[in-house]
Amino acid sequence: VVDLLGRGVGPAVSLGEALWVCANLFSDVKLRLSHKRVMIFTNQDQPHGGDAHRDRLAHTKARDLKDTGVVVDLMHLQKPGGFDMSLFFCDIITPPEGEEAGQEMGLQLEASGKLEDLQRRVRAKELKKRAQSRMTLSLGDGVGVAVGVYVLVRGAVKPAAVRLARDSNEPVRTKTRLYHTHTGSLLLPSDTKRAQVYGSRKIVLEREETDEVRKFETPGLVLIGFKPLARLKMHQHIRPAHFIYPEEAQVTGSSTVFSALLRRCSDRGLFALCRYTPRRNCPPRFVAMVPQREELDDNKVQLMPPGFHLIFLPFADDVRTLDTPQKTPATPEQVDKMKEIVHKLRFKYRSDAFENPVLQQHYRNLEALALDLLQPDPIEDHTCETTLHNSTHTTHATLHCKKKK
């Protein structure tokens, strides 16, 4: 595109033709896109040098793009004397929203702050934002609310390795075949059965019976009762919680009933005890529906969505009793010294401030391999002692970080 349309300021530059090329690229896409965006990187606030004809052509093409739902965004670079948005780009880009919209359309002395956000966005892995499942929350007497179940926290792991053929480098598929032990003949699915040993007797089950045993009940949430939030203990946490939100498109009126239940539980300090069956072949679990009210910042931007957290409760078999060994109790002086040590080791922990260094190094290696770089870009390990020391200003913490060389 640069070779065809030119660069910098001069008669060969035509931003209108560049936008026309972008419009043709979007029109050739047959898939449905969630959003369409054109990003302009430049340090010239008058790319056409004041040519009214080319300015008018660019404004027309930008308006056509915005009419088709394309967002035109500008990443202005550093320019001596400042970048004046009002000269040309105020009618080109999609206008920002909020109280600071007028300030962004004036003279900008610094480079666009969106560049740093864009770099962080490139480094971040995009995850699909969708409901894990949709089900009915049964409140009793035939009253049901449609809700969607979302997973807010999930352990990030490396992508699974893909097996490739040595000669063609094509992906290979794994197939499993069962053979008779004595005759060596191939066994079909109808030739095998499943068995379970009880005592000294082997119980043989048909395939239909095995599938029926795995089914417990229809997936959904069934309300059992309410308990004070004080009855929910920290040691009862056994796995990451899920989050539920009403699905108005499934059942009309679900949002109204859900909001009323959320508001009442939050005002009274209660949690709802429910029986949760995520899928048809999964055993039911007891969960505590903990209310969470919506939180907004000073600019009315949502920080926390309204909904219920599904806290998984343990069964009696999940709770272990430990025999505490009898030791000589510590003296009061030792207890006070230990309290001082623990107090000095404490710092304000935020999970979003620490990235997994193993995953970051893995993706940097893939990036270097894909871009033919001599070596991957270095990563900043926030779990090291020096990084923690600088971020928390704690001088007494002694944390050790071992790196592989």
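Just above sits the structure.
Our subject in this report is the structure included herewith. Keep in mind the model is a prediction, meaning the values are calculated, not measured.

## Here we look at the side chain of His309
Here His309 shows up in strand β17 (residues 307-312). Here the side chain of His309 touches Gln292 through a polar contact of 2.7 Å, side chain to side chain. The contacts of His309, once residues within four sequence positions are left out, are Leu152, His242, Phe243, Ala288, Met289, Val290 and Gln292.

## Section: the packing of aromatic side chains
With the rule as written, the count across this model stands at four aromatic pairs. Where Phe258 meets Phe308, the ring centres are 5.3 Å apart and the plane angle is 85 degrees; that geometry is what we call edge-to-face. With a gap of 50 residues between them, Phe258 in helix α7 (residues 254-268) and Phe308 in strand β17 connect regions that are remote in the sequence. For the pair Phe258 and Phe308, a shared accessibility class is recorded, and that class is buried. Taking 5.8 Å as the distance between ring centres and 65 degrees as the angle between the ring planes, the aromatic pair formed by Phe286 and Phe315 counts as edge-to-face. Taken together, the positions of Phe286 in strand β14 (residues 285-292) and Phe315 in the loop between β17 and α8 (332-345) put the pair 29 residues apart, joining distant regions of the chain. On the accessibility criterion, Phe286 (34% relative accessible area) is partly exposed. Exposure remark for Phe315: the relative accessible area of 32% places this residue in the partly exposed category. One cation-aromatic arrangement involves Arg239 over Phe312; the distance from NZ or CZ to the ring centre is 4.1 Å.

## Things to note about a nonpolar patch on the surface
Among the surface-exposed residues, Met338, Ile341, Val342 and Leu345 lie close enough to one another that they form a single nonpolar patch of about 350 Å² accessible area. By the element assignment, Leu345 lies in helix α8. According to the relative accessible area criterion, Leu345 is partly exposed, its value standing at 39%.

## Thoughts on the packing of helix α2 (residues 15-28) against helix α3 (residues 52-67)
Think of two packed helices as two axes; the pair is described by the angle between the axes and how far apart they sit. Where α2 meets α3, the axes come as close as 7 Å, and the angle between the chain directions of the two elements is 25 degrees. One way to sum up the angle between α2 and α3 is to call them roughly parallel. In terms of crossing hand, the pair formed by α2 and α3 is left-handed. Counted together, Leu15, Gly16, Leu19, Trp20 and Ala23 of α2 and Leu57, Ala58, Lys61, Ala62 and Leu65 of α3 form the full contact between these two elements. Looking at the contact of α2 with α3 residue by residue, the classes come out as eight nonpolar, one polar and one charged.

## Focus: unusual backbone geometry
With a phi angle near 65 degrees, Asn169 is a residue other than glycine that sits in the positive phi range. As for its position among the elements, Asn169 is in the loop between β6 (143-151) and β7 (178-179). Since its relative accessible area comes to 52%, Asn169 is described here as exposed.

About the criteria used
Residues numbered from 1 in each chain as written. Predicted model: local features only at pLDDT ≥ 70, side-chain atom pairs only at ≥ 80, totals over all residues. Heavy atoms only, no water. Helix = DSSP H or I, 4+ residues; strand = E, 2+ residues; numbered from the N terminus. Polar contact = N/O pair within 3.5 Å; in protein donor to acceptor, adjacent residues only side chain to side chain. Contact = heavy atoms within 4.5 Å. Phe/Tyr/Trp six-rings, centres within 6.5 Å; stacked < 30°, edge-to-face > 60°. Buried < 20%, exposed > 50% of the residue type's maximum accessible area, 1.4 Å probe, protein only. Lys NZ or Arg CZ within 6 Å of the ring centre and 35° of its normal. Patch = residues over 30% accessible without salt bridge, like charges linked within 9 Å, V, L, I, M, F, W, Y side chains within 5 Å. Areas by Shrake-Rupley, 256 points an atom, 1.4 Å probe, with all protein chains shown as cover. Salt bridge = Lys/Arg side-chain N within 4 Å of Asp/Glu carboxyl O. Axes fitted to C-alpha atoms, helices over the stretch in contact; angles between N-to-C directions. Parallel < 35°, antiparallel > 145°, perpendicular 65-115°, else oblique. Left-handed = near helix turned anticlockwise from the far one by under 90°. Nonpolar A, V, L, I, M, F, W, Y, C, P; charged D, E, K, R; others polar.

Keep in mind these numbers describe shape, not what the thing actually does.
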